[in-house]
Amino acid sequence: MDLKAYLDGVVAEVDAAMDGFLPVEDERPGSIHGAMRYCVFAGGKRLRPVLCLAAAEACGGDRAEALPAACALELMHTYSLVHDDLPCMDDDDLRRGRPTCHKVYGEGMAVLCGDALLTETFIVLTKTKGAERYPVGKMVAELAETGGSRKLIGGQVLDLEGEGKTLSLEELVRIHEAKTAALLTSSVRLGAMSANATNDQLEALTRFGYALGLAFQVIDDILDVTQTTEALGKTAGKDQAVDKATYPAVIGLEASRLEAMRLTAEALGALETFGKKGKRLREIAGWMLGRTS
Ligand code: GRG
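Residues numbered from 1 in each chain as written. Predicted model: local features only at pLDDT ≥ 70, side-chain atom pairs only at ≥ 80, totals over all residues. Heavy atoms only, no water.

Visitor: Report on the pattern of salt bridges, specifying residues and quantitative values.
Guide: Enumeration over the complete set of coordinates arrives at 24 salt bridges. Put simply, Arg63 and Glu13 hold a salt bridge, and the shortest N to O gap is 2.4 Å. Here Arg63, found in helix α4 (residues 63-84), pairs with Glu13, found in helix α1 (residues 3-21); they are 50 residues apart in sequence, far enough to count as distant. Here Arg63 falls in the buried class, since its relative accessible area comes to 19%. Judged by its relative accessible area of 24%, Glu13 is partly exposed. A salt bridge links Arg262 to Glu259, with the nearest nitrogen and oxygen atoms 2.9 Å apart. Taken together, the positions of Arg262 and Glu259, both in helix α14 (residues 253-269) and three residues apart, correspond to about one turn of that helix. Ionic contacts of the salt-bridge type, sharing partners, join the residues Asp15, Arg46, Glu74 and Arg96 into one network. (Salt bridge = Lys/Arg side-chain N within 4 Å of Asp/Glu carboxyl O. Helix = DSSP H or I, 4+ residues; strand = E, 2+ residues; numbered from the N terminus. Buried < 20%, exposed > 50% of the residue type's maximum accessible area, 1.4 Å probe, protein only.)

Rendered as structure tokens:
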């Protein structure tokens, strides 16, 4: 199966599972459930679920076992986007090609929608069976730590505090390790855990996720300056407009392209131990490097 067919299959599988997990729209109060569904089913790339399922396969596991974790990752990611778009954070009107949650439902509802998606993350994650080395509690701890004040939220804090300042490359990397790379790392780690990975496999995937996560952010920053709003489904040129510290702003566009390639090569290097079983993860890393949206 080629990568496009694989990705389409995973997206359909994950969307069907999330449809089953989320409260239906007419369950009271319908407004919040409608808002949650509006944000989740808005056509994201589903990159975190894809990485989770492909990592499970790389470790010899079954995709079905990793499905609750894959959905939980997408719910946490969607919550972070809803809150990140709020006027008190990045203040964005467009996300995934549609008006942002607060534009449609109002700010109060968008705060609650993010909260509900974060809570649902853990309801869904506890539907996982866990594995011998990784009981459900370990998997819950993995994602809770990633979502907490040392990683995702901590990264957002550094980002907020960096506004209007000139950041060094080191400071920029620190933000994105926490904000972006942490969730991509947990994506492959949770897939591996659901497949009862060995310590060596988990360690290799942790290195892969970290390098790929940083590469993803470098590419995202490049796309912000090289792509259109229509292609991205979110406001292009936003980083420059608000004078945000990004890789192109800190090291330049060409050096950013080289850095994305260097990090992708580092990620691929971490996959060597998986041999043929790492094929999908290798393809996904290549696809991410060449993405245009
Ligand atoms: C808790 C408010 C709060 C924030 C936590 C992770 C985070 C910090 C904020 C998310 C917003 C953001 C711009 C994160 C950077 C990572 C990134 C480029 C996300 C976009 O991910 P894609 O391209 O989005 O995978 P789709 O829409 O395809 O799912």
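Back to the write-up after that little detour.
Visitor: Residue-level account of the site of the ligand, with values.
Guide: Neighbouring the ligand are 18 residues, the closest being Lys45, Arg48, His77, Tyr79 and Arg96. Take Lys45: an N or O atom from its side chain is 2.6 Å from an oxygen atom of the ligand. Between the ligand and His77, the relevant distance is 2.8 Å, taken from an oxygen atom to a side-chain nitrogen or oxygen of the residue. Considered on its own, the ligand offers 720 Å² of accessible surface; in the complex 92% of this is hidden by protein. Contributing elements (two or more residues each) for the shell around the ligand: α4, α8 (152-162), α9 (169-194) and α10 (199-226). Ranked by the residues each element gives to the shell around the ligand, the list is headed by α4, at six residues. Looking at the shell around the ligand residue by residue, the class counts come to five nonpolar, seven polar and six charged. (Near = heavy atom within 4 Å. Polar contact = N/O pair within 3.5 Å; in protein donor to acceptor, adjacent residues only side chain to side chain. Areas by Shrake-Rupley, 256 points an atom, 1.4 Å probe, with all protein chains shown as cover. Nonpolar A, V, L, I, M, F, W, Y, C, P; charged D, E, K, R; others polar.)

Interpretation in functional terms is not warranted from these geometric data alone.
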